[in-house]
Amino acid sequence: TPDLQDLINQTPSGGTLSLPYCRFYGTIIINKPITIQANSGTVTLSNDESDGNTITIRSDNVSLNNMVVTGSGRSIAKLHSAIKVYGSQVKIKNCIISDSLFGIHLINSKNSIISNTEISGLKALMISKRGDGIRVSGGSDNEIISNTISDAGDGVYFDHTTNLSVKNNSVTASRYAYHVMYSD
């Protein structure tokens, strides 16, 4: 199996990394604008070590399509996530995320889209110990559309964000569907 981080590093800025069926292990960091295109959920990235974030995005203009991401670290204090986003104009579409403390965490992101993604948290944990399916901290003009979230602390939690569009999401077996703090 090739190393996914090496493949990302070899993809030019603005380029597309098309992945066939494959299973990768570990964590990755994306620090340039690229698209990762998997064929209908056939690429799985597993963080079996349960350490930190499985995918960390530190660039604007990144797209993840059709990926399956399992696992994340277990620290509530560090908000360990399957996908942690520090960039803007990030698109996460048609992905499946499971067995992670937090599913997707956007931090000060602008104009990003999370859509048609299925997120299931750590069902074995008490609900008070689970992270959120999607967490948006700061930022503006993001869209959370047509996602399915289950077994999370809160389905979608957002704080200190403006002009967030949240539509057609399904949230089950979670504390709150939407938890809004200091946002408009």
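Here's a quick rundown of the structure. (Residues numbered from 1 in each chain as written. Predicted model: local features only at pLDDT ≥ 70, side-chain atom pairs only at ≥ 80, totals over all residues. Heavy atoms only, no water.)

**Examining the overall build of the protein chain**
Our working definition: Strands are runs of DSSP state E lasting at least two residues, helices are runs of H or I lasting at least four, and both sets are numbered from the N terminus onward. Here the globule rule is a power law, 2.2 Å times the number of residues to the power 0.38, and the radius of gyration is based on C-alpha atoms. Under the scheme applied here, a residue whose accessible area is under 20% of the maximum for its type counts as buried, over 50% as exposed, and between as partly exposed, the area being computed with a 1.4 Å probe on protein chains only.
A tally of regular secondary structure across the protein chain gives one helix and 21 strands. In summary, the protein chain has a C-alpha radius of gyration of 15 Å against a globular reference of 16 Å for 184 residues, a match within 12%. The dimensions of the protein chain, computed from C-alpha atoms along their principal axes, are 40 × 35 × 30 Å. Across the 184 residues in the protein chain, those meeting the buried criterion constitute 54%.

**With respect to the sheet that holds strand E15 (residues 134-137)**
For clarity, the cut-off: When DSSP finds two or more bridges between two strands, those strands count as paired. A fitted line through C-alpha atoms serves as each axis, taken over the contacting stretch for helices, and the angle formed by two N-to-C directions is quoted from 0 to 180°.
If you walk across this open sheet you meet the seven strands as E3-E6-E9-E12-E15-E18-E21, and the pairing is parallel. Both outer strands of the open sheet, strand E3 (28-30) and strand E21 (176-181), are each paired with one neighbouring strand and no more. Strand-to-strand twist across the sheet, computed as the mean angle between neighbouring axes with direction ignored, equals 10°. The sheet contact formed by strand E6 (residues 55-57) and strand E9 (residues 81-85) spans three bridges and is parallel. By the bridge assignment for E9, Ile55 is matched with Ile83.

**Describing the sheet that holds strand E13 (residues 113-115)**
Read from one edge to the other, the open sheet built from seven strands follows the order E1-E4-E7-E10-E13-E16-E19, with strand pairing classed as parallel. A single partner strand is all that each edge strand has here, and the edge strands are strand E1 (16-19) and strand E19 (165-167). Shown here is a sheet whose adjacent strand axes are inclined to one another by a mean of 5°, direction ignored. Two elements, E1 and strand E4 (residues 35-38), share four bridges in a ladder whose sense is parallel. Following the sheet pairing, Leu17 is matched in E4 by Ile36.

**Structural notes on the pattern of salt bridges**
Stated formally: Salt bridges are identified by distance alone: a Lys or Arg side-chain nitrogen within 4 Å of an Asp or Glu carboxyl oxygen.
Evaluation of the coordinates by the stated rule reveals two salt bridges. When the shortest N-O distance is used, the salt bridge between Arg135 and Asp132 registers 2.8 Å. Across the pair, Asp132 and Arg135 agree in class, each one buried. Arg175 is the partner of Asp154 in a salt bridge, and the nearest nitrogen-oxygen pair spans 2.9 Å.

That's the geometry; what it means functionally is another story.
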